[in-house]
Each structure stands twice: as structure tokens, then as C-alpha cells.
Amino acid sequence: MTVLFKPQPLSPRELDLLRTLRTHLHLNHEVTFTVDTLRQLGFDRFMPRDSLERINYGNMIGKWHFYGHIERTGKTVCSTLESNHGHREQEWRIKEKRGEE
């Protein structure tokens, strides 16, 4: 398989946010998460904004997935945030912790 695009390596901040997410899921006895989870945890305070002042959660989730830290569950769920009007979101889970961090 040829990889056409390889994202930048995870930044220290992205790794910190991943550890925060892991801790949150563990303490709340949860296994899965969505972008709503990241919003509710306030990750937007620690993420850069694009030229239109938007937070790109998909970029960070894509990098976490590309580098093998998370995986899709194969399910989508309705957004719990009122402002999202119930749109569907991909559900993710943390892969078993690897010895790289």
C-alpha cells in the first residue's frame, strides 16, 4: 500500500490532548468518544484556528488515527450539542496504549 499523504508528526500539544482524553475516558468509565467529547472538554482553548477562525478537530483526529492512537468503532451517533442540530458524528475509541509516549 502506498501512502499518498503523511501528516506532520504529532505535536507535544496534540499528545497532551490525547493523554487528557485518555484520562477523561478512564475516569468516566467510557470507551468511546466523538468530536462533541473534545468540545465539551474545552480542547478548542488549546487548538489553533484556521483563517476563518474555525477549530479543525478533524485534522487532529486524523493525525491520531494515522499514527495508530485511535480507531473507528464503525458507528455514528447523533451530536449531543444543541448547536449541531443532531447531525451524525463518527464514534472513535482509544487503541491499547503503546510504549511510545
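Keep in mind that this is a model prediction, so the values were computed, not measured. (Residues numbered from 1 in each chain as written. Predicted model: local features only at pLDDT ≥ 70, side-chain atom pairs only at ≥ 80, totals over all residues. Heavy atoms only, no water.)

**Q** Is there a simple way to explain the side chain of Ser79 in this structure?
**A** As for its position among the elements, Ser79 is in the loop between strand S2 (70-78) and strand S3 (88-94). Look at Ser79 and you get buried, because its relative accessible area is 9%. Within the structure, Ser79 has its side chain in polar contact with the side chain of Asp36 (distance 2.8 Å). (Helix = DSSP H or I, 4+ residues; strand = E, 2+ residues; numbered from the N terminus. Buried < 20%, exposed > 50% of the residue type's maximum accessible area, 1.4 Å probe, protein only. Polar contact = N/O pair within 3.5 Å; in protein donor to acceptor, adjacent residues only side chain to side chain.)

**Q** Any chance you could explain the pattern of salt bridges here in plain terms?
**A** Here the idea is simple: oppositely charged side chains can pair when their charged atoms come close. Per the stated rule, a full pass over the model turns up seven salt bridges. Of the charged contacts in the structure, one is a salt bridge between Arg39 and Asp36, with a shortest N-O distance of 3.6 Å. Highlighted residues: Arg39 and Asp36, both in helix H2 (residues 35-40), separated by three residues, approximately one helical turn. Assessed through its relative accessible area of 34%, Arg39 is described here as partly exposed. When its relative accessible area of 2% is taken as the criterion, Asp36 is described as buried. (Salt bridge = Lys/Arg side-chain N within 4 Å of Asp/Glu carboxyl O.)

**Q** Got a minute to help me understand the side chain of Glu14 in this structure?
**A** Along the chain, Glu14 turns up in helix H1 (residues 12-27). Beyond its immediate stretch of four places on either side in the chain, Glu14 contacts Pro9, Met60, Lys63 and Trp64. (Contact = heavy atoms within 4.5 Å.)

**Q** Help me understand the nonpolar core in this model?
**A** Considering soluble globular proteins, one finds that nonpolar side chains tend to be buried as a cluster. Counting residues in each nonpolar core, the largest one holds 18 residues, and the members touching the most others are Leu21, Phe33, Leu38, Phe43, Trp64 and Ile70. Contributing elements (two or more residues each) for this core: H1, H2, helix H3 (57-66) and S3. What Phe33 contacts, discounting residues up to four positions off in sequence, is Leu21, Leu25, Leu38, Trp64, Ile70, Gln90, Glu91, Trp92, Arg93 and Ile94. (Core = buried A, V, L, I, M, F, W, Y, C linked by side-chain atoms within 4.5 Å.)

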